[in-house]
Amino acid sequence: MLNKKLKDVEISIPIVYGNVAFWLGKKANEYQSHKWTVYVRGATNEDLGVVIKRAVFQLHSSFNNPTRVIESPPFELSEAGWGEFEIAITLFFHNDVCDKPLNLYHHLKLYPEDESGPMSTKKPVVVESYDEIVFPEPSEGFLVRVQSHPAVTLPRLPAGFTLPPPIPVEDASKRKRGDTKDHQLSQWFMNFSEADELLQLAAARQQVQAHIAKLRRQISLIDGQHQQLKSSSDQ
């Protein structure tokens, strides 16, 4: 029964993917100058295991075993090296979420933008991207599982449809095992919360206002043409 799809409903999951890279300082050599971690996390550091089943990171071919499969959250891996390269990240979802995997691409960044400036072993280079994964027509089972997830905004449900109560998670350690709130790198994570949403809303409002102004100009032009035609007909 919970496999039934809900039409005209969609669920949006905000995610962040990127890397944190530390310069090794005196321990650096020509083959290993940085220690870095690449990851996919919840935008509010919540557990993505309710949605994502596995993450595959495709590293540069010079690494041993360049295809790294992470079967459980947190979806991350750490390595050491000296070069920057593009990492392909493939996300596989649970069966009741989506059949198709999602491909992401992240360019590993080790060096600061101002390469002429001094590097620090204490302050890392952090590069992150924000995205939202949208799942149209979710199954009832998926909706039930994520209804209490802090990162998920429940959509407007069809008339007459009510969700059954969420299934409680008895083991508290299991409940928070996959989140990244207490992650050792969390102090360096970028904030993609209310401030960014306000900026996005302000930008959207500007676009709407510009569109309204354009429509008003078009209406004014049409009214002017109409007045001219009326004057001509009166003569």
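Throughout what follows, the structure given in this document is the object of discussion. This one's a predicted model, so the numbers in the text were calculated from it and none came from an experiment. For every chain, the first residue of the written sequence is number 1, and numbering continues from 1 along that sequence. It should be noted that, the model being predicted, local features are given only for residues of pLDDT at least 70 and side-chain atom pairs only at 80 or more, the latter also being counted only at that level, while totals for whole chains, interfaces and linings use all residues. Hydrogens and water molecules were not included; the side-chain quantities draw on all heavy atoms of the structure.

One side chain can pair with another of opposite charge once the charged atoms of both are near each other. Take a side-chain nitrogen of Lys or Arg and a carboxyl oxygen of Asp or Glu: if they are within 4 Å of each other, that pair is a salt bridge. If you walk through the whole model with that rule in mind, you get five salt bridges. For Glu71, the salt bridge is made with Arg54, and the minimal N-O distance between the two is 3.2 Å. Placement of Glu71 in the loop between β4 (67-70) and β5 (75-81) and of Arg54 in strand β3 (residues 52-58) is noted, with a sequence separation of 17 residues between them. Residue burial is assigned from relative accessible area. The probe radius is 1.4 Å, only protein chains are included, and a residue is buried under 20% of its type maximum, exposed over 50%, and partly exposed in between. Glu71 gets classed as partly exposed once you look at its relative accessible area, which sits at 49%. Judged by its relative accessible area of 23%, Arg54 is partly exposed. Close ionic contact of Asp96 with Arg145 constitutes a salt bridge, the shortest N to O distance being 2.6 Å. Here the residue Asp96 occupies a position in the loop between β6 (86-93) and β7 (102-107), and Arg145 occupies one in helix α1 (residues 140-146), the gap between them amounting to 49 residues. Only DSSP runs of H or I reaching four residues or more are called helices, and only runs of E reaching two or more are called strands; each is numbered from the N terminus.

Moving on to the environment of Arg68. Summarising the element assignment, Arg68 is placed in strand β4. We call two residues in contact whenever any of their non-hydrogen atoms come within 4.5 Å of each other. When sequence neighbours within four positions are dropped, the list of residues in contact with Arg68 reads Ala55, Val56, Phe57, Leu59, Phe63, Leu77 and Glu79.

Attention shifts here to the side chain of Thr37. Relative to the helices and strands, Thr37 is located in strand β2 (residues 34-42). Judged by relative accessible area, which is 8%, Thr37 ranks as buried. Setting aside anything within four residues of it in sequence, one finds Thr37 in contact with Gly18, Asn19, Val20, Glu76, Leu77, Ser78 and Leu185.

Next up on the list: the packing of aromatic side chains. When two rings of Phe, Tyr or Trp (its six-membered ring) have centres within 6.5 Å they constitute a pair, described as stacked for plane angles under 30 degrees, edge-to-face for angles over 60, and tilted for the intermediate range. Under the definition given, this model contains five aromatic pairs. Relative to Phe85, the ring of Trp36 lies with its centre 6.2 Å away and its plane at 75°, an arrangement referred to as edge-to-face. Here Phe85 lies in the loop between β5 and β6 and Trp36 lies in strand β2, a separation of 49 residues in the sequence. Take Trp36: its relative accessible area is 1%, and that puts it in the buried class. The buried category is assigned to Phe85, whose relative accessible area is 8%. Aromatic pair Phe93 and Phe135: ring centres 5.2 Å apart, planes at 85°, arrangement edge-to-face. Pair noted here: Phe93 is in strand β6 and Phe135 is in strand β8 (residues 125-136), with a separation of 42 residues, a long-range link. Per residue, the accessibility class of Phe93 equals that of Phe135, and both read buried. Members of the aromatic cluster, joined through ring pairs, are Trp36, Phe63 and Phe85.

The strand order across the open sheet built from four strands is β5-β2-β1-β8, with neighbouring strands paired in antiparallel fashion. Two strands in the sheet have a free side with no partner beyond their single neighbour: β5 and β8. If you compare each strand with its neighbour and ignore which way they point, the axes differ by 15° on average. Sheet topology note: the strand β1 (residues 10-23)/β2 ladder contains nine bridges and is antiparallel. Bridge assignment links Val20 to a residue of β2, and that residue is Thr37. One bridge is not enough; two strands pair if DSSP finds at least two bridges between them. An axis is simply a line fitted to the C-alpha atoms; with a helix, the fit covers only the stretch in contact. Between two such axes, the angle follows the N-to-C directions and lies from 0 to 180 degrees.

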